[in-house]
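Descriptive analysis of the structure
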Amino acid sequence: MGVWWGPVVRVLVLQAAWALVGGQVRYSVPEEAKAGTVVGRLAQDLGLEAVDAEARRLRLVAQGRRASVEVSGASGALVVSSRLDREELCGKSAPCALRLEVLVERPLRVFHVELEVTDINDNAPLFPAARKNLNLSENSPPGSRFPLEGASDADIGANAQLSYTLSPSEHFSVEEENVNSRSKSLFLVLAKPLDRETVAVHRLVVTASDGGRPPLTGTMEVVISVLDANDNAPQFNQSVYNMLLPEDALRGTLVARVIATDPDEGINGEVIYEIDTLNPPSSSDIFSIDAKSGEIRLAGALDFETVTLYNLHIKATDKGWSPLSGHCKVVLEVLDVNDNAPEVWVTSLSVPVPEDAAVGTVVALLSVSDRDSGANGRVRCAAWPPSPFGLVATFAGSYSLVLRESLDRERVAEYEVEVRAEDGGAPPLRASRAVRVPVSDVNDNAPAFAQAVYTVLARENNAAGAELARLWARDPDEAGNGRVSYSVAEGGGGGAAAVVGGWRPASSYVSVDAESGRLWALQPLDYEEVQVLQFEVRAVDAGEPPLCGNATVQVFVVDENDNAPALLPAAGGGPWAGASGEAAASGPGSGALWAWAAWGAPAGQVVAKIRAVDADSGYNAWLRYELWEPREKGPFRVGLYSGEVSTARALEEADGPRQRLVIVVRDHGEPARSATATLSVSLVEGAEAALAAAGSSSSSSSSSPSSSGAGLRPAAGAEGGAAAAAAAAAAATTNVWLVVAICAVSSLFLLAVVLYGASRWAPRAAVLSGPGPATLVCASEVGSWSYSQRQSRSLCVADGAGKSDLMVFSPNFPPPAGPAAKETQPEPPALLDTVSGPAFLASRPFPLFASLARVAVLARRLGRRWWEPGSAPGPAGGGCWSGA
């Protein structure tokens with residue numbers, strides 16, 4: 001135990017001592033030590049035995065860079081393992097200390113070891129360049145200092161302390177200057193003046209020695225070239241050069257060539273030429289000189305009228321260190337040529353010129369000049385084109401541009417007048433000046449519409465605010481004189497429309513946009529109220545005074561199928577014997593009708609007539625009648641366009657005492673509108689039918705026009721119809737002879753009226769019309785028909801409004817071309833049958849009654865026309881309309 005305790009105690013003592021000194025071991029080794037050199041006994045210094053060092057794996061720990069030392073495993077000593085270079089490891093840092101970490105195991109401990117690498121003189125001084133070239137002028141003064149770059153030594157301390165020596169020379173020496181403790185400057189000092197002619201090049205060697213033992217040296221060769229001194233100035237071969245040149249000489253023309261010589265050598269004898277001064281100074285950009293050859297050339301244009309003589313002072317400079325120069329003068333005289341064209345200037349311009357300016361008005365004042373003299377300065381002037389402007393000479397070199405013809409801005413808004421001038425040179429030179437003369441507008445044009453009459457088709461029931469047309473008036477004036485505003489002309493009869501019940505202004509129906517000329521509808525148009533709107537639209541410009549233009553607008557309202565057929569009440573009086581008469585109704589539009597028919601009546605006998613009217617026109621008012629009930633084949637049929645209910649076959653007792661017929665009246669509009677009439681036909685004996693017809697005639701004559709019937713009354717069921725028939729038959733027995741007497745007296749009266757009317761108004765009996773050449777246009781889905789009111793006839797209804805658009809045409813058979821075809825064309829069926837009373841009789845095949853009916857209609861119209869000569873065109877009293 002005692003043997004082991006001794007080493008243990010020593011280790012503890014060493015550890016304690018290590019702790020007291022901070023646990024760090026320091027070693028020192030010179031650089032460039034050979035490999036294997038022992039730096040120190042590391043294990044022993046750490047308190048370890050050699051055996052323990054190997055057993056506990058004593059080793060160095062790498063710290064990122066090669067340490068160049070290692071721990072010997074056998075001895076535990078720190079030895080050099082590779083080359084140590086202090087300059088590589090630490091550079092210029094002093095001291096150069098390497099910090100190492102030593103690791104030992106069991107137990108694990110870390111020790112810090114500091115290794116200092118000491119410097120040795122192993123680096124010689126080194127200059128930046130092995131050769132230095134200097135150029136010195138031979139006139140450099142003694143004492144001149146020329147800096148040199150010193151050498152450097154990678155060592156430190158005394159090994160890096162440098163000193164300089166210069167190879168033997170009587171002209172140069174080297175000096176060191178301490179700027180501060182860390183930097184020194186090296187200078188080459190001129191001790192004696194140089195002479196290039198004696199020694200042109202000096203070769204010197206500068207040696208640098210360090211402070212090591214032994215010292216190391218480095219050298220640099222200095223080559224000094226002695227430069228020649230510039231002691232001779234250039235000399236020109238003549239002091240003044242006199243030259244002549246015409247003013248029209250081109251650019252690049254040689255003016256003169258000056259020559260100067262310098263007896264010096266090298267660059268001291270090389271001469272550079274330049275223009276020193278120029279008179280006048282403003283002509284500096286006219287001449288150029290070649291710096292090497294001394295050639296002076298034109299760089300700009302010469303102008304005799306501007307400068308007649310140029311003085312150029314030329315300087316020749318050598319390229320010496322201190323350049324010297326010589327001078328000469330070049331005098332250039334410019335020869336005159338005719339190179340100036342006339343000049344035209346506008347001194348005053350009064351534009352724009354009003355288009356109503358008077359002839360002789362001065363528009364502009366012009367000045368014409370030519371800087372040449374003699375014939376070259378005489379100028380002739382003219383204006384092109386020669387009209388409408390011309391030139392008038394006021395005095396020498398001054399002209400006036402005057403107006404020779406009247407202007408029209410709408411034809412030409414601006415003139416480009418060219419004033420041409422020509423001098424008297426040979427060849428002559430010409431010049432021109434363009435003068436823009438705009439023409440200002442005056443309000444001399446009224447707005448003009450593209451059309452004198454605008455025809456517009458507008459569907460009825462159009463939306464309020466709908467655009468009907470767009471009017472446009474052109475005013476060739478400009479600005480406010482050409483700005484057009486539109487309005488509907490009021491008053492004078494040009495802005496009113498004939499409507500049912502009077503006249504209304506057109507402005508209540510339409511309006512025109514003041515700026516765009518768009519024609520708008522203020523309200524929906526109703527064809528039944530107004531068919532044609534004719535008015536004037538006025539276009540007024542904004543000139544002073546304003547001018548206006550008018551256009552007539554005719555708005556034709558195109559009918560829409562917006563009215564359904566309406567049933568009319570029966571007219572007074574039965575039509576003929578053997579027929580029961582017209583179907584009777586209690587009032588207009590009533591759908592319940594009744595009539596009589598005799599048993600045994602042959603096929604084709606008219607039993608009743610359904611009368612209806614449609615407020616529309618054309619196809620929309622063309623009515624057709626259809627038997628709706630009974631649908632199966634019955635004893636009656638209805639005329640498709642006449643509305644006559646007739647027997648389809650002979651009536652028999654098997655047909656029953658009464659037949660109920662449902663008749664639908666439709667127009668031809670799209671979509672079609674319809675009305676329904678229910679006709680009750682009572683079947684009686686032939687005598688009873690005649691008595692019933694006579695009774696109905698007498699009762700209708702005593703009834704008022706608004707409630708007249710044809711002897712038939714509205715059916716009120718089966719029992720009511722039979723009772724009414726019996727009562728009518730009884731009344732007819734007592735009044736039949738009275739009716740016959742009344743008819744005879746009426747016939748005699750009507751015959752007298754016919755004879756009187758035929759003798760007085762026979763040539764114009766059927767050519768009656770209202771005033772004015774207005775044209776009615778009837779429109780439908782199949783086209784439009786226009787016809788003059790001068791060839792119209794009026795049809796009167798005794799107790800209802802007339803139709804102004806009644807037309808007779810056959811839609812399925814168009815009329816053939818030529819007048820002969822019109823004479824032989826059969827009479828087509830009537831589209832609308834709206835007449836009653838005598839007019840109705842006129843359509844029946846009874847000559848006497850037809851003549852009487854026509855006479856009655858004619859007499860009634862002539863009487864109204866004769867007693868109301870000042871009535872306005874439109875619906876007349878008593879239900880008469882002027883229609884076609």
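Residues numbered from 1 in each chain as written. Predicted model: local features only at pLDDT ≥ 70, side-chain atom pairs only at ≥ 80, totals over all residues. Heavy atoms only, no water.

Now for the overall build of the chain. Within the chain one finds nine helices and 53 strands. Taken across its 884 residues, the chain has 40% of its residues classed as buried. For the chain, contacts bridging at least 24 residues in sequence account for 67% of all contacts bridging at least 6. As displayed, the chain offers around 46100 Å² of accessible surface, 56% of which is attributable to carbon and sulfur atoms. (Helix = DSSP H or I, 4+ residues; strand = E, 2+ residues; numbered from the N terminus. Buried < 20%, exposed > 50% of the residue type's maximum accessible area, 1.4 Å probe, protein only. Contact = heavy atoms within 4.5 Å. Areas by Shrake-Rupley, 256 points an atom, 1.4 Å probe, with all protein chains shown as cover.)

On to a nonpolar patch on the surface, then. There is a patch of nonpolar side chains on the surface, built from Val-346, Leu-349 and Val-351 and spanning about 190 Å² of accessible area. With respect to the element layout, Leu-349 can be found in strand 24 (residues 343–349). For Leu-349, a relative accessible area of 38% corresponds to the partly exposed category. (Patch = residues over 30% accessible without salt bridge, like charges linked within 9 Å, V, L, I, M, F, W, Y side chains within 5 Å. Salt bridge = Lys/Arg side-chain N within 4 Å of Asp/Glu carboxyl O.)

It is worth spelling out unusual backbone geometry at this point. With an omega dihedral of 0°, the bond running from Arg-213 to Pro-214 counts as a cis peptide bond. Note that the residue after Trp-384, namely Pro-385, is joined by a cis bond; omega there is 0°. For Pro-385, the location among the structural elements is in the loop between strand 27 (379–384) and strand 28 (389–395). Despite not being glycine, Ala-479 shows a phi value in the positive range, around 55°. Positionally, Ala-479 belongs in the loop between strand 35 (473–474) and strand 36 (484–488).

Buried residues dominate strand 29 (residues 398–403), accounting for six of its six residues. Burial along strand 29 is two-sided: Ser-398, Ser-400 and Val-402 facing one way and Tyr-399, Leu-401 and Leu-403 facing the other are all buried. Pairing between strand 26 (residues 362–369) and strand 29: five bridges, direction antiparallel. Note that in strand 29 the partner of Ala-364 across the bridge is Leu-401. Looking at chain direction, strand 28 and strand 29 are connected through six bridges and run antiparallel. Counted as the bridge partner of Ala-393 is Tyr-399 from strand 29. (Pairing = 2+ DSSP bridges.)

Quick look at the environment of Phe-556 now. If you trace the backbone, Phe-556 turns up in strand 42 (residues 548–558). For the pair formed by Phe-556 and Thr-455, sequence separation is 101 residues and the distance between their alpha carbons is 7.5 Å.

Before going further, it helps to examine the sheet that holds strand 12 (residues 184–190). Taking strand neighbours across the sheet as the criterion, the three strands line up as 9-12-11 in an open arrangement whose pairing is antiparallel. Where the open sheet ends on each side, the last strands, each with one partner, are strand 9 (145–148) and strand 11 (172–178). Neighbour-to-neighbour, the strand axes of the sheet open up by a mean angle of 35°, direction not taken into account. Across seven bridges, the pairing between strand 11 and strand 12 is antiparallel. In the sheet register, Glu-177 faces strand 12, and the bridge partner there is Ser-185. (Axes fitted to C-alpha atoms, helices over the stretch in contact; angles between N-to-C directions.)

The residue Asp-303 is located in the loop between strand 21 (295–298) and strand 22 (309–318) in this model. Residue classification places Asp-303 among the buried residues on the basis of a relative accessible area of 18%. Among the polar contacts listed, one links the side chain of Asp-303 to the backbone nitrogen of Glu-305, at a separation of 3.2 Å. Apart from residues lying up to four places away in sequence, Asp-303 is in contact with Glu-247, Asn-340 and Arg-371. (Polar contact = N/O pair within 3.5 Å; in protein donor to acceptor, adjacent residues only side chain to side chain.)

Moving on, we come to the nonpolar core. If you look at the biggest cluster of nonpolar residues, it comprises 28 residues, and the most contacted ones within it are Phe-449, Leu-519, Phe-535, Val-553 and Val-555. Those elements giving two or more residues to this core turn out to be strand 33 (453–459), strand 34 (467–470), strand 36, strand 39 (510–512), strand 40 (518–521), strand 41 (532–541) and strand 42. Setting aside anything within four residues of it in sequence, one finds Leu-519 in contact with Ala-466, Glu-467, Leu-468, Ala-469, Val-510, Ser-511, Val-512, Phe-535, Val-553 and Val-555. Core analysis: the second largest hydrophobic core is formed by 27 residues, Val-25, Leu-58, Val-71 and Leu-115 among them. (Core = buried A, V, L, I, M, F, W, Y, C linked by side-chain atoms within 4.5 Å.)

Per the stated rule, a full pass over the model turns up 21 salt bridges. In this structure, the salt-bridge partner of Glu-270 is Lys-319, at a minimum N-O distance of 3.1 Å. With a gap of 49 residues between them, Glu-270 in the loop between strand 18 (260–261) and strand 19 (271–279) and Lys-319 in the loop between strand 22 and strand 23 (325–335) connect regions that are remote in the sequence. Look at Glu-270 and you get partly exposed, because its relative accessible area is 35%. By relative accessible area, Lys-319 is classed as partly exposed at 36%. Between Arg-459 and Glu-560 there is a salt bridge, and its shortest N-O distance comes to 2.5 Å.

Its place among the elements puts Glu-149 in the loop between strand 9 and strand 10 (163–166). Residues Glu-149 and Phe-127, spaced 22 residues apart in sequence, show a C-alpha to C-alpha distance of 7.4 Å.

Read from one edge of the open sheet, four strands run 33-42-41-36, paired in mixed fashion. The open sheet has two edge strands, strand 33 and strand 36, and neither has a second partner. Averaged over all pairs of adjacent strands, the angle between strand axes in this sheet comes to 30°, irrespective of strand direction. Across seven bridges, strand 33 lies against strand 42 in parallel orientation. By the bridge assignment for strand 42, Thr-455 is matched with Gln-554.

Next up on the list: the side chain of Asp-475. Here Asp-475 is to be found in the loop between strand 35 and strand 36. Discounting chain neighbours no more than four positions away, the residues touching Asp-475 are Asn-445, Ala-446, Pro-447, Asn-481, Gly-482, Val-484 and Asp-541.

By the secondary structure assignment, Arg-257 is in strand 17 (residues 254–257). Residues Arg-257 and Asp-290, spaced 33 residues apart in sequence, show a C-alpha to C-alpha distance of 9.3 Å. Arg-257 has contacts with Tyr-241, Ser-293, Gly-294 and Glu-295, leaving out every residue within four places of it along the chain.

Within the structure shown, the criterion is met by nine aromatic pairs. A centroid spacing of 6.2 Å and a plane angle of 55° characterise the contact between Phe-236 and Tyr-273, whose relative ring orientation is tilted. Of this pair, Phe-236 sits in strand 15 (residues 235–236) while Tyr-273 sits in strand 19; the two residues are 37 residues apart in sequence, bridging distant segments of the chain. Just as Phe-236 is buried, Tyr-273 falls in that class too. Each member of the aromatic cluster is reached from another via a ring pair, and the members are Phe-449, Tyr-454 and Tyr-486. Arg-433 extends its terminal NZ or CZ atom over the ring of Trp-345, reaching a point 5.2 Å from the ring centre. (Phe/Tyr/Trp six-rings, centres within 6.5 Å; stacked < 30°, edge-to-face > 60°. Lys NZ or Arg CZ within 6 Å of the ring centre and 35° of its normal.)

On to the confidence of the model for the chain. Of all residues in the chain, 72% have pLDDT values of 70 or greater, and the mean over the chain is 75. In this model, residues 572–590 is a region of pLDDT below 50 whose contacts with residues beyond four sequence positions or in other chains number 63 contacts. Taken together, the stretch residues 763–884 has pLDDT below 50 and engages in 177 contacts with residues farther than four places along the chain or on a different chain. (pLDDT = per-residue confidence, 0-100.)

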